[in-house]
Amino acid sequence: MNTLLFPVILAGGKGERFWPLSRKDRPKQFLSLDGSSRSLLQATADRLIELGGGESSAVLGVSPMSDWRTRTGWDSLWVITSSQIAEGVRQQLPDLPVENLLIESEGRDTAAAVAWTSLEIKQRYGEDAIIGFFPADHWIADQKAFAHTLSAATQLAASTAAIVTLGIKPTFPSTGYGYIEQGEKIGSFNELPAYHVNRFTEKPNRETAETFLSTGRFSWNSGMFVFRAGVVLKELHTHAPEIIEPLEQHGPDIYPQLPKKSIDYALMEKTTLAYVLPVDFGWDDLGDWNAIERLLKTEKTPNVELATHIGLDTQGAIIYASNPEDVVVTIGLEDVVIVRDRNVTLIVKKERTQEIKQILKILQSDSRFTDLL
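Rules used in this analysis
- Residues numbered from 1 in each chain as written.
- Predicted model: local features only at pLDDT ≥ 70, side-chain atom pairs only at ≥ 80, totals over all residues.
- Heavy atoms only, no water.
- Axes fitted to C-alpha atoms, helices over the stretch in contact; angles between N-to-C directions.
- Helix = DSSP H or I, 4+ residues; strand = E, 2+ residues; numbered from the N terminus.
- Parallel < 35°, antiparallel > 145°, perpendicular 65-115°, else oblique.
- Left-handed = near helix turned anticlockwise from the far one by under 90°.
- Contact = heavy atoms within 4.5 Å.
- Nonpolar A, V, L, I, M, F, W, Y, C, P; charged D, E, K, R; others polar.
- Buried < 20%, exposed > 50% of the residue type's maximum accessible area, 1.4 Å probe, protein only.
- Core = buried A, V, L, I, M, F, W, Y, C linked by side-chain atoms within 4.5 Å.
- Arc of directions from axis to C-beta.
- 1 Å grid on protein atoms, 1.4 Å probe; cavity = no way out; pocket = protein on both sides within 12 Å on 5 of 7 lines; lining within 4 Å.
- Points joined across faces, edges and corners; volume = space filled by probe spheres on them.

Caption draft 1: Region of interest: the packing of helix 4 (residues 109–125) against helix 8 (residues 241–250). At a minimum axis distance of 10 Å, the contact between helix 4 and helix 8 shows a crossing angle of 40°. By the angle between their axes, helix 4 is oblique relative to helix 8. Considering the relative orientation of helix 4 and helix 8, their crossing is right-handed. Between helix 4 and helix 8, the contacting residues are A111, A112, A115, W116 and L119 on the first element and I243, I244, L247 and E248 on the second. For the contact of helix 4 with helix 8, a count of residues per class yields eight nonpolar, no polar and one charged.

Caption draft 2: Region of the structure containing the environment of W78. Inspection of the secondary structure assignment puts W78 in strand 2 (residues 78–82). For the pair formed by W78 and L10, sequence separation is 68 residues and the distance between their alpha carbons is 8.9 Å. Beyond its immediate chain neighbours, meaning those up to four positions away, W78 contacts F6, P7, V8, I9, E99, N100, L102, T117, E120, I121, R124 and Y125.

Caption draft 3: Representation of helix 1 (residues 40–49) in the model. Helix 1 sits mainly inside the fold: seven of its ten residues count as buried. All buried positions along helix 1 are accounted for by L40, L41, Q42, T44, A45, R47 and L48. Buried residues along helix 1 sit against strand 1 (5–10), helix 2 (73–76), helix 3 (86–92), strand 4 (130–135), strand 5 (138–140) and helix 5 (143–159).

Caption draft 4: Here's a closer look at the nonpolar core. Core analysis: the largest hydrophobic core is formed by 46 residues, its most contacted members being I9, L277 and F281. For this core, the leading source of residues is helix 5, giving seven residues. Setting aside residues no more than four positions away along its own chain, F281 makes contact with I140, A141, D142, A145, F146, T149, L166, I168 and M224. Judged by nonpolar contacts, the second largest core, of 45 residues, contains L102, V114, A129 and A274.

Caption draft 5: Structural context of helix 11 (residues 356–364). For helix 11, the set of buried residues is I356, L360 and L363. Viewed along the axis of helix 11, the buried residues span an arc of 60°, placing them on a single side of the element. In helix 11, the exposed positions angled more than 90 degrees off the buried face are occupied by Q358, K361 and I362. Each element contacted by the buried residues of helix 11 is listed here: strand 17 (344–349).

Caption draft 6: Highlighting unusual backbone geometry. A cis geometry characterises the amide bond from W19 onward to P20, with omega recorded as 10°. Assignment of secondary structure puts P20 in the loop between strand 1 and helix 1. Although it is not a glycine, D109 sits at a positive phi angle of roughly 75°. Take D109: it is sitting in helix 4. Relative accessible area serves as the criterion here: at 35%, D109 is assigned to the partly exposed category. The phi dihedral of D313 falls on the positive side, at around 55°, and the residue is not glycine. Counting through the fold element by element, D313 comes out in the loop between strand 13 (308–312) and strand 14 (318–321).

Caption draft 7: Main features of empty space enclosed by the protein. Evaluated as defined, the whole model comprises one cavity of 30 Å³ or more. Space inside the largest cavity adds up to approximately 40 Å³. Forming the boundary of the largest cavity are T44, R47, F134, P135, H138, I140, F146 and M224. Looking at the lining of the largest cavity, the elements that each hand over two or more residues are helix 1, strand 4 and strand 5. Counted by class, the lining of the largest cavity contains five nonpolar, two polar and one charged residues.

Here's what the structure looks like:
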């Protein structure tokens, strides 16, 4: 049984809700947001390359041109990104083989990215190659538990015609995440229970989220998937032929003409082959500035400060400055985000950070501010 995983990083997002730190030339995945020296993209690659290579690589043996005994984690890792930031990806991940970097001429959301990458990996390694897709902007606390979970997902995908998704055990009734309802238990893999998926639900209101948690049957949708190449391509033919068929017929040149759909909408909400592993390895989807507080806030400090900050009666604030020489001074503020980057200062109430995208639309419509994007 093939148990080698080919991890793919989805690195084409813009990260607009982290503006002004995240901009066209420096998207969110290139940023270090946890106080470390590694960007989100680099940290994701660090986690995933530990899963590749080694003696287990020799079990696949599907390509006579590949010497699996000498494969490394970098050989197995793939990245798909946009043409606008491809050079930045190369700079951030200089050890990534050039043939493992797929560059989209135009972003068409995750369904097209999954379809194209799966076709490429199938062509190189066969339809039984096991592929995992991972967003570039996730934070994982426990690498050992994460690796244990991926081993379980790989075992399930190898033994069953399954599209495996990782469901994060919810810790509060979030209205910002999608949810997965687990159905019948189908067994255990690497000592982790696996369930058939009953349904996917988009971001619920607060009351619905609380109801979900009370049942104990719901997980957060992490956006991480594991499957065999042949399985997902067959399901795409059934549920999203408008994406997979043009790619098979014309290759990536057809990319700008593909419909823009997420993999959840195009496939996961329709397939009967969806399975979920409810997992708990310390996870956060770094969607906006409030995620910094979840990562770094301690009981001993009134604010999260990634800047030189002098404050008087200020609490519950998130303060960031990209230039260590900049000093942020506050008086009497509460529950705000303050970000200073280059020639922009952002000040926003924490509960309104989702509206940063609206500000960007205003800036886009005024030629005076195009250099701020």
